[in-house]
Amino acid sequence: MKTTLHRSLSHLSTLTCSSCGIAYDAFEQQTVSACCHMPLLAGYIPDNFKKESLQQREGTMWRYLEMLPVLHEQNIVSLGEGYTPILKLTNLAKKYELSSLQLKDEGQNPTGSFKARGLSMAISKAKEHGVEGCIIPTAGNAGVAMSAYCAKAGMRAVVVMPRHTPKAFRDECYWYGAEVVLVDGLINDCAAKVKELNRSGELLDVSTLKEPYRLEGKKTMGYEIAEQGNWQLPDVILYPAGGGTGLIGIWKAFKEMQQLGWLGKGIKLPRMVAVQAANCQPLVETFSGRQANCQNYVGKPTIANGLAVPRPLGEQLMLQTLQESGGIATSITESDMLVGLKELGENEGLFVAPEGAAVWMAARKLLDTGYIMQDEKILLLNTGSGQKYMENLPAL
Ligand SMILES: *Cc1c(COP(=O)(O)O)cnc(C)c1O
Ligand SMILES: [Zn+2]
């Protein structure tokens, strides 16, 4: 076994096809599964990793190293991502008579969004495999994050994004030394462009779920939610779902922590709510039975750029998460996102991404419908800072 050759902390053992379960070599570079062309999921041997050992570790997502896929620590490409604060929204809780309303602020990550987690992991693994350059279709934040981590790793970076993406995203990629290609359309059109540009295969395509490790970075949010909550979990977690890596990843983390014995037997896992933009809500359509799947879904742009993903490859995995957790999919209009943005700003001093504003408005909506109760522990994920989205907001 190759594993015995590594003197590493990582307990990585397999990669399995998320659709049929066939196993692939986790020590070779992989993309999607050859059998079903679906995402590969990393599996670990969960023995001998005690949560007590976390106490001495640094405050980044790398504190969970045993359950992460990087084999050699020198390959870690880090800008200090993860271990973001979970804030108590006491003013809004009071206003809406809620007993516990919290927000994990992913806007405090390097490059201003939780995409830092996934791309730090993917680029670290790319480095481990000797990759020299990466390419990505992006709605904005993922491209910025990839550019930064590629710069740090000394790799070439090619970023393909919709022409309508706010300038702040485009320009930041440039300052990290990336090549930026603009495309008319949404992220699926960018994905087609990536294929065309990378016919030779010389660059690693780090599209959402087309390589196994962005998911492993995003799952650290789940570990942190448990650890920062002193191993108690919220009743409901609201997450803005585009490609869905965060939703799938947090749920994967909860399952892994159950295997590790880190969650008490009596602890109920949270209901996972996927929040989308009404302008692009493929998951809501499939979840409600109005379409069989998202393969022909046509979406429109939204001010929440990260949610403009009309045909996510991880649709089945997202639906599985919703089903297993007792969650639902819901959507928020453009104008309601602005209401949420203002409300979080005025009441809590937070300037969130429109994706985060959508999540808060979804909580309000689901309190109204009775899906969420006022005495439940509610956790919102704000996935990014609002600062790069200024161009999307109404002129004052
Ligand atoms: C990318 C992005 C999302 C969606 O994340 P997925 O992992 O693709 O579901 C949500 N919010 C922000 C700010 C993003 O950049
Ligand atoms: Zn398969």
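Residues numbered from 1 in each chain as written. Chains lettered and ligands numbered in written order. Predicted model: local features only at pLDDT ≥ 70, side-chain atom pairs only at ≥ 80, totals over all residues. Heavy atoms only, no water.

An unreviewed UniProt entry lists the chain under the name Threonine synthase, with Pontibacter aquaedesilientis given as the organism. What the UniProt record of the chain gives under Cofactor (unreviewed entry) is the line "pyridoxal 5'-phosphate". (UniProt positions renumbered as here; feature names shortened; annotations may be inferred.)

Near ligand 1 there are 17 residues, and of these Lys115, Gly243, Gly244, Thr245 and Thr383 occur at the shortest range. The side chain of tyrosine 239 places a nitrogen or oxygen atom 2.9 Å from an oxygen atom of ligand 1. Here ligand 1 loses 96% of its free accessible area of 380 Å² to cover by the protein chains. For the shell around ligand 1, the elements supplying multiple residues, two or more each, are β10 (236-240) and α8 (245-260). Its residues assigned to classes, the shell around ligand 1 shows 5 nonpolar, 9 polar and 3 charged. (Near = heavy atom within 4 Å. Polar contact = N/O pair within 3.5 Å; in protein donor to acceptor, adjacent residues only side chain to side chain. Areas by Shrake-Rupley, 256 points an atom, 1.4 Å probe, with all protein chains shown as cover. Helix = DSSP H or I, 4+ residues; strand = E, 2+ residues; numbered from the N terminus. Nonpolar A, V, L, I, M, F, W, Y, C, P; charged D, E, K, R; others polar.)

Right, let's get into the pairing of strand β13 (residues 377-382). Among the 6 residues of β13, 5 are classified as buried, and the element is accordingly described as predominantly covered. Sheet analysis places strand β5 (residues 100-105) next to β13, joined by 6 bridges and oriented parallel. Looking at β13, one finds that glutamine 102 is bridged to leucine 379. Taken together, the 3 bridges between β10 and β13 define a ladder with parallel strand orientation. (Buried < 20%, exposed > 50% of the residue type's maximum accessible area, 1.4 Å probe, protein only. Pairing = 2+ DSSP bridges.)

The subject of this paragraph is the nonpolar core. If you look at soluble globular proteins, the nonpolar side chains tend to sit buried side by side. Of all hydrophobic cores here, the largest spans 55 residues; its most connected members are Tyr223, Ile237, Ile250, Phe254, Met257 and Trp262. Here this core takes 8 residues from α8, the largest share from any one element. If near-sequence neighbours (up to four positions away) are discounted, isoleucine 237 is found in contact with Ile225, Ile250, Phe254, Pro270, Arg271, Met272, Val273, Leu379 and Leu381. With 35 residues, the next largest nonpolar core counts Leu89, Ile328, Val352 and Ala358 among its residues. (Core = buried A, V, L, I, M, F, W, Y, C linked by side-chain atoms within 4.5 Å. Contact = heavy atoms within 4.5 Å.)

Moving on, we get to the environment of alanine 395. Topologically, alanine 395 is positioned in the segment after β13. The class for alanine 395 is exposed, based on a relative accessible area of 78%. In sequence terms alanine 395 and methionine 38 are 357 residues apart; their C-alpha atoms lie 42 Å from each other.

Quick look at the side chain of threonine 321 now. Within the secondary structure, threonine 321 sits in helix α10 (residues 315-325). Setting aside residues up to four positions removed in sequence, threonine 321 forms contacts with Leu247, Ile248, Trp251 and Met272.

With that settled, the discussion passes to the side chain of threonine 138. Relative to the helices and strands, threonine 138 is located in the loop between β6 (133-137) and α3 (141-153). One polar contact links the side chain of threonine 138 to the main-chain amide nitrogen of glycine 140, over a distance of 2.8 Å. When sequence neighbours within four positions are dropped, the list of residues in contact with threonine 138 reads Gly143, Val159, Val160, Met161, Pro162, Ile187 and Cys190.

Okay, the packing of aromatic side chains next. Scanning all chains against the criterion turns up 9 aromatic pairs. Seen from their ring centres, tyrosine 96 and tryptophan 360 are 5.3 Å apart, and the 75° between their planes marks the pair as edge-to-face. Within this pair, whereas tyrosine 96 is found in the loop between α1 (90-95) and β5, its partner tryptophan 360 is found in helix α12 (residues 354-369), the two being separated by 264 residues in sequence. Here tyrosine 174 and tryptophan 175 contribute two aromatic rings whose centre-to-centre distance is 5.0 Å and whose plane-to-plane angle is 80°, an arrangement assigned as edge-to-face. Pair check on accessibility: tyrosine 174 and tryptophan 175 agree, each one exposed. Grouping aromatic residues by their ring pairs yields a cluster made of Phe49, Tyr64, Tyr223, Trp231 and Trp262. Against the face of tyrosine 83 rests arginine 63, its NZ or CZ located 4.3 Å from the ring centre. Taking NZ or CZ as reference, lysine 125 lies 5.2 Å from the ring centre of tyrosine 213, over its face. (Phe/Tyr/Trp six-rings, centres within 6.5 Å; stacked < 30°, edge-to-face > 60°. Lys NZ or Arg CZ within 6 Å of the ring centre and 35° of its normal.)

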